[in-house]
Amino acid sequence: MSSAWAVLAVWLLYCAVRLAIQPWIGWQPVGPDDWTRLLEVRDLLSGQSWWDITQYRMNPPDGFSMQWSRLVDMPLALAITVFGERWGMALVPLFWLLPALFALRAIMLRLGFNGGALLAGLVLLPLFPLLPGNFAPMRIDHHAPQAVLALATAALMLSTRRRGAVGAGLMASAWLVISLEALPLVAVIAGLYGLRYLADERPLLPWFLLSLTLFSLFLSLATRPNIELLGPYCDVLRPGHVAAFGVATLIAGIMPFLPFQHVSSGRLAGLALIPIATIPLALVLLGECATNPMAQLDPVLATWWHGYITEGLPFWKQPVSVAAMLIWTLVPLVLGYWLAGKGGAFADGAGVAWLMLFLLALAAWGYSLFLMRAAVIGQLLTIPFAAVLLALLLPQARAIPSMVPRLLATLGCIFLATPMFMSAITKPLDPMFPTQTMARGAAAPVVAGSCDYASLAALEPGLMLVTMDAGPAILGQTQHSIVAASYHRNQQPMVDVVSAFTGPPGEAQAVLRGYDADYVIACLSASDLALYRTADEANFANALANGEVPQWLTPVVGFDSGVLRVYRVN
């Protein structure tokens, strides 16, 4: 069960099941970010510059500035070129799963797993709530690549060889170039290399930091234009970050030659020099970007947009079932680590590797409490500990003679090993205890039905004022352009869209004139339009939903009733 063929068999089985059920799910991108990723790759394949990822059909002619990385575009562009658009989007998320499974296998082998425990680790992935959806066909956004790179970094971190540290630095740099949100966990990994040096004098930290510095610089220069690296944006890896990495590399390289490195106190003092030197340097070079990388968010967007993006919120602003899922992930993590130690897994010097992985998984879990989407990484890192839990407890449960206690004990083991069941149990509590942020959305008047945005292709191409979540799907299926979508660098158009729908019709008219828009689109089943309707009974969103159309709009024939409403601006 520890062979590469076992990994391949598990992967092929998962792919077969997912592709078999996909016709019932659909062959379109899953959400707005998936649509926008497809638009970005289409533009690249149609000749838009490698260095230019601007979305020009959002707020034309200026377009929307995007912080996304071409590293994620590359495999999707290749797959679409080879297999076509539908199969490219279907296969790429499944292809990302394969290195994730191999990274899990590498982690478990380095921790000394036997065949049964290793097989449990490979098949547990679908039981962690956030993981199946991120490796599903048509899910082409950047979350799966980030998670795979994080897992690969963790696997290489457990190696005791220099090439493992170099490989970990490479994976971590790609992870950082895709998303700066990786920075806290990359810092933890650097600290864990420091812990290894403190424990056994193994000087792998300089190799990790050197690789991180060089590859961060190379990948940034290879995938981003200079104007972005040196410009005002705080949401990408900047020269100040790379400079801090470089200084840390220099200190770590000199450190083994400093006095008293043969004793742990001397090594600890040497390690302390790294944050003492790099933190002030980063604060000086990065300025506001060091403390506020997302920059100041407009109050309108903070109220009506960011507060409802659940993946970016802390656990106390999540629905009950999501908060329970995030918190429960700690149970298999801690219990699995404790059982591994009790079962003798830490013998013969293996305890350092176990401790490093445990601390990294614990850090990812803690990070997920403040940033929900980090739980994808946290759940992947928890799988080895859940596998230990099942491998040690399930045989004991199955050995119980009586059928009912045996069944209850078996179910109890599975309940402890995954947060899925705790999330399912608490799901009915979500509407009963909406958080302050989500309460307004829970009470929003959502109309039943779905909106076929592809039908808008029959209209003469024009600029559309539409709620932001719908925009990318319209761009993906028609030749229209839109005023705004949900991408934070472009706050003024986003504010204008929100203000148009939440404000009185007169304010919407002013926004339409300012952008010289041709159409207004209202999908009455869209959650964001329903949310805007709660702002004021007399606002523009409610006027459209209630059929109180202002004189300066004309309903378009064929879209003047039903869930999807279209109006031409007079």
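Residues numbered from 1 in each chain as written. Predicted model: local features only at pLDDT ≥ 70, side-chain atom pairs only at ≥ 80, totals over all residues. Heavy atoms only, no water.

S.K.: Give a description of the overall build of the chain that names residues and reports values.
M.R.: Of the regular secondary structure elements, the chain holds 27 helices and 5 strands. Relative to the compact-globule value of 25 Å for 570 residues, the chain shows a C-alpha radius of gyration of 26 Å, a close match. Along the longest, intermediate and shortest principal axes, the C-alpha atoms of the chain span 80 × 65 × 45 Å. Put simply, of all contacts in the chain between residues at least 6 apart along the chain, 72% involve residues at least 24 apart. Of the roughly 23900 Å² that the chain leaves accessible, carbon and sulfur atoms contribute 66%. The distance from the centre of the 29 positive side-chain charges to the centre of the 31 negative ones in the chain is 15 Å. (Helix = DSSP H or I, 4+ residues; strand = E, 2+ residues; numbered from the N terminus. Rg over C-alpha atoms; globule rule 2.2 N^0.38 Å. Contact = heavy atoms within 4.5 Å. Areas by Shrake-Rupley, 256 points an atom, 1.4 Å probe, with all protein chains shown as cover. Lys, Arg positive; Asp, Glu negative; His and termini not counted. Charge placed at Lys NZ, Arg CZ, Asp CG, Glu CD.)

S.K.: For the confidence of the model for the chain, give the residues involved together with the corresponding values.
M.R.: On average, residues of the chain carry a pLDDT of 93, and 98% of them reach 70 or more. Mean pLDDT across the elements of the chain ranges from a minimum in helix 22 (residues 436-442), with 71, to a maximum in strand 2 (residues 481-482), with 98. (pLDDT = per-residue confidence, 0-100.)

S.K.: How would you explain the packing of aromatic side chains if you had to name every residue and give the values?
M.R.: In total, this model carries 17 aromatic pairs according to the counting rule given. A centroid spacing of 5.1 Å and a plane angle of 65 degrees characterise the contact between W328 and F415, whose relative ring orientation is edge-to-face. With W328 in helix 16 (residues 320-328) and F415 in helix 20 (residues 403-417), the pair connects residues that are 87 residues apart, well separated along the chain. When its relative accessible area of 17% is taken as the criterion, W328 is described as buried. Note on F415: relative accessible area 23%, which makes it partly exposed. (Phe/Tyr/Trp six-rings, centres within 6.5 Å; stacked < 30°, edge-to-face > 60°. Buried < 20%, exposed > 50% of the residue type's maximum accessible area, 1.4 Å probe, protein only.)

S.K.: So what's going on with helix 13 (residues 264-286)? Which residues, and what values?
M.R.: Helix length check: helix 13 (23 residues) gives 33 Å between terminal C-alpha atoms against 33 Å at 1.5 Å per residue, within 8%. Turning to helix 13, its buried residues number three or more, namely G266, R267, G270, L271, I274, T278, A282 and L286. Considering only its buried residues, helix 13 is in contact with helix 9 (183-200), helix 10 (205-223), helix 12 (239-254) and helix 14 (288-291). With its phi angle positive at about 60 degrees, G287 sits one or two positions after the end of helix 13. (Expected span 1.5 Å × (residues − 1).)

S.K.: Tell me about the nonpolar core, residues and numbers included.
M.R.: If you look at the biggest cluster of nonpolar residues, it comprises 106 residues, and the most contacted ones within it are F113, W175, Y193, L205, F208 and L381. Ranked by the residues each element gives to this core, the list is headed by helix 19 (residues 375-398), at 13 residues. I474, M494, A500 and A522 belong to the second-largest nonpolar core, a separate cluster that totals 75 residues. (Core = buried A, V, L, I, M, F, W, Y, C linked by side-chain atoms within 4.5 Å.)

S.K.: Before we move on, can you summarise the side chain of S220 with the specific residues and values?
M.R.: Relative to the helices and strands, S220 resides in helix 10. Among the polar contacts made by the side chain of S220, one reaches the main-chain carbonyl oxygen of S216 at a distance of 2.8 Å. (Polar contact = N/O pair within 3.5 Å; in protein donor to acceptor, adjacent residues only side chain to side chain.)

S.K.: Describe the pattern of salt bridges, and please don't skip the residues or the numbers.
M.R.: In this structure the tally under the stated criterion is 12 salt bridges. With a shortest N-O distance of 2.7 Å, R37 and D73 are connected by a salt bridge. Taken together, the residues span a long stretch of sequence, with R37 in helix 2 (residues 32-45) and D73 in helix 3 (residues 70-83) at a distance of 36 residues. As far as the burial class goes, R37 and D73 line up, both buried. (Salt bridge = Lys/Arg side-chain N within 4 Å of Asp/Glu carboxyl O.)

S.K.: Can you lay out the state of the cysteines for me, pointing to particular residues and giving the numbers?
M.R.: Disulfides are covalent bonds that connect the sulfur atoms of two cysteines. Within this structure, the stated rule accounts for 2 disulfides. Each disulfide pairs two cysteine sulfurs, and for C234 the partner residue is C289, the sulfurs being separated by 1.9 Å. The sign of the S-S torsion, about -65 degrees, decides the handedness of the disulfide formed by C234 and C289: left-handed. Here C289 lies in helix 14 and C234 lies in the loop between helix 11 (226-229) and helix 12, a separation of 55 residues in the sequence. With a sulfur-sulfur separation of 2.0 Å, C451 is cross-linked through a disulfide to C523. Between C451 and C523 the sulfur-sulfur dihedral comes to about 100 degrees; the bridge is accordingly right-handed. Residue C451 is found in the loop between helix 22 and strand 1 (463-465), and its partner C523 is found in strand 3 (residues 519-523); the two are separated by 72 residues along the sequence. The two residues C451 and C523 agree in class, both being buried. Within the chain, bonded cysteines paired by disulfides and numbered along the sequence follow the pattern 1-2, 3-4. (Disulfide = S-S within 2.5 Å.)

S.K.: Summarise the pairing of strand 5 (residues 564-569); cite the residues concerned and give the values.
M.R.: Where strand 3 lies against strand 5, 5 bridges are found, and the strand directions are antiparallel. When the bridges of strand 5 are listed, I521 appears paired with V566. Of the pairings in the sheet, the one linking strand 4 (residues 553-555) to strand 5 comprises 3 bridges and is antiparallel in character. Residue P555 lies in a different strand from strand 5, and its bridge partner there is Y567. (Pairing = 2+ DSSP bridges.)

S.K.: Kindly report on unusual backbone geometry, identifying the contributing residues and their values.
M.R.: Where the residue is not glycine, phi is negative for most of them; where a peptide bond is considered, it is trans in most cases. A cis geometry characterises the amide bond from P60 onward to P61, with omega recorded as 5 degrees. Here P61 is to be found in the loop between helix 2 and helix 3. Of note in this structure, N59 is not a glycine but carries a positive phi near 50 degrees. Here N59 is to be found in the loop between helix 2 and helix 3. The phi angle at M138 is positive, at roughly 80 degrees, despite the residue not being glycine.

S.K.: Just give me the short version of the sheet that holds strand 1, but keep the residues and values in it.
M.R.: One open sheet holds the 5 strands; their spatial order is 2-1-3-5-4, and the pairing between them is mixed. At either margin of the open sheet sits one strand with a lone partner, and together these are strand 2 and strand 4.

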